[in-house]
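Examining the three-dimensional arrangement
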Amino acid sequence: MALRTAFTDLLSIDHPIASAPMGGSAGGELAAAVSNGGGLGLVGGGRGERAWLERELAIVTARTSRPWGVGFLAWAVEVSTVEWVLDQGPAAVMLSFGDPGPFAARVHAAGIPLIIQVTDLDEARRAVDLGADLLVAQGAESGGHGGRRSTLTLVPAVVDLVAPVPVLAAGGIADGRGVAAALVLGAVGALLGTRFQASHEALVDAEIVKAIVGGLGADTERSRVLDVARDSGWPARYTARVVTNSFLDTWRGREQELERDVDTRRAYREAAARGDLAVVSVWASEAIDLITEVASATELVRLIAEETERAFTCAT
Ligand SMILES: Cc1cc2nc3c(=O)[nH]c(=O)nc-3n(C[C@H](O)[C@H](O)[C@H](O)COP(=O)(O)O)c2cc1C
């Protein structure tokens, strides 16, 4: 029994599961593997680095004939880059963090679904005004950047606010029980990020995968410290959930001081370039307790879909 929802119908896919467009780590291999498993694989276009996108979109188009998409950071990407990607045949484009306004008409003109990830109700209202075909309501349990609301409360509030526009849940979902919970909350599926970081196909350093698989949710926190340290340019309202490290312990609550401390930030960037895990950002979900092994993303989609169906069977 496959679970059909407005999401699986909209994208013509088998399972109500999407992989997050994680900048730099969700390349063509990962997106294709997720799509081949029957979910929606999203390439992490991030800020829109053209050479990276050319390489990874060539991979995804070669590896799958199923629908795939691309996601971007709205605060950082150029309209011309999104236009170029639209010519490469994605089945959907997703925009997160910042104002998606400049891109909406272009995506609609390409005749494909516009997906907008939101972190609160104001962003959800704006997404609907722009004609989003699908929203992702992202809670603060999520790995990487995001807002302050919890998934359990944000998802149904967004569902009610934007109905009949469909909504995916994101943030702290790493198995079929989480996807089933998302469906019960009124979502039409779930978007998972960190779970797919620990897959064979993600472009992630082995040490980072080890930190995710061996880590606990209690070892993660939302913070701006590492963004300040690396001069990332991220808008201050979006903190990132990371695995706590000694640099964070030293600078927690001292972000303004760190902004003024040029030498420490230079030393940070040098240590991060060496991959020193005492400083580097390991973006990870509060759900890492549930991630205990590295797996193939295609298998993960099938397994999570089965778990989702079983969760409903057991509940009745
Ligand atoms: C390593 C990492 C990188 C991410 N990069 C992006 C990104 O570039 N663009 C984006 O829209 N979301 C990004 N996200 C957030 C995801 O879209 C998604 O909301 C989040 O992973 C869901 O929470 P989960 O990690 O608990 O599954 C990232 C998440 C992680 C873990």
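Computed from a prediction, not measured in an experiment: that's the story for all the values here. (Residues numbered from 1 in each chain as written. Predicted model: local features only at pLDDT ≥ 70, side-chain atom pairs only at ≥ 80, totals over all residues. Heavy atoms only, no water.)

1. Quick word on helix H5 (residues 101-109)
Among the residues of H5, Phe103, Ala104 and Val107 are the ones counted as buried. Take H5 and look down its axis: the buried residues cluster within an arc of 115 degrees, on one side only. When the buried face of H5 is taken as reference, the exposed residues oriented beyond 90 degrees from it are Ala105 and Ala109. Those residues of H5 that are buried lie in contact with helix H4 (79-86), strand E4 (92-96) and strand E5 (114-118). (Buried < 20%, exposed > 50% of the residue type's maximum accessible area, 1.4 Å probe, protein only. Helix = DSSP H or I, 4+ residues; strand = E, 2+ residues; numbered from the N terminus. Arc of directions from axis to C-beta. Contact = heavy atoms within 4.5 Å.)

2. Section: the sheet that holds strand E7 (residues 144-146)
Here 3 strands make up an open sheet; going across it, the order is E7-E11-E10 and the pairing antiparallel. A strand with exactly one partner marks an edge of an open sheet, and here the two such strands are E7 and strand E10 (220-223). Across the sheet, the mean angle separating the axes of adjacent strands is 30 degrees when strand polarity is ignored. Strand direction decides the pairing type here: E10 and strand E11 (residues 239-243), joined by 4 bridges, are antiparallel. Residue pairing across strands places Thr220 opposite Val243, the latter belonging to E11. (Pairing = 2+ DSSP bridges. Axes fitted to C-alpha atoms, helices over the stretch in contact; angles between N-to-C directions.)

3. Some remarks on the sheet that holds strand E9 (residues 190-192)
Taken in spatial order, the 8 strands of this open sheet run E1-E9-E8-E6-E5-E4-E3-E2, and their pairing is parallel. Taken across any chain shown, the strands that pair with only one partner, and hence form the sheet edges, are strand E1 (17-19) and strand E2 (41-44). Neighbouring strand axes in the sheet, compared pairwise and without regard to direction, differ in orientation by 25 degrees on average. Strand direction decides the pairing type here: E5 and strand E6 (residues 134-138), joined by 4 bridges, are parallel. Along E6, the bridge assignment pairs Ile116 with Leu135. The strands touched by helix H2 (residues 28-36) within the sheet are E1, E2 and strand E3 (68-73), with E2 carrying the most contacts at an inclination of about 170 degrees.

4. Observations concerning the site of the ligand
Close to the ligand lie 22 residues; Ser96, Gly172, Gly193, Thr194 and Ser285 are nearest. The contact in question runs from an oxygen atom of the ligand to an N or O atom on the backbone of Gly172, over 2.8 Å. Side-chain polar atom of Thr194 to an oxygen atom of the ligand: 2.6 Å apart, as the coordinates give it. The fraction of the free accessible surface of the ligand (590 Å²) that becomes covered by protein chains is 97%. Of all the secondary structure elements, the ones that give two or more residues to the shell around the ligand are E9 and helix H9 (194-197). (Near = heavy atom within 4 Å. Polar contact = N/O pair within 3.5 Å; in protein donor to acceptor, adjacent residues only side chain to side chain. Areas by Shrake-Rupley, 256 points an atom, 1.4 Å probe, with all protein chains shown as cover.)

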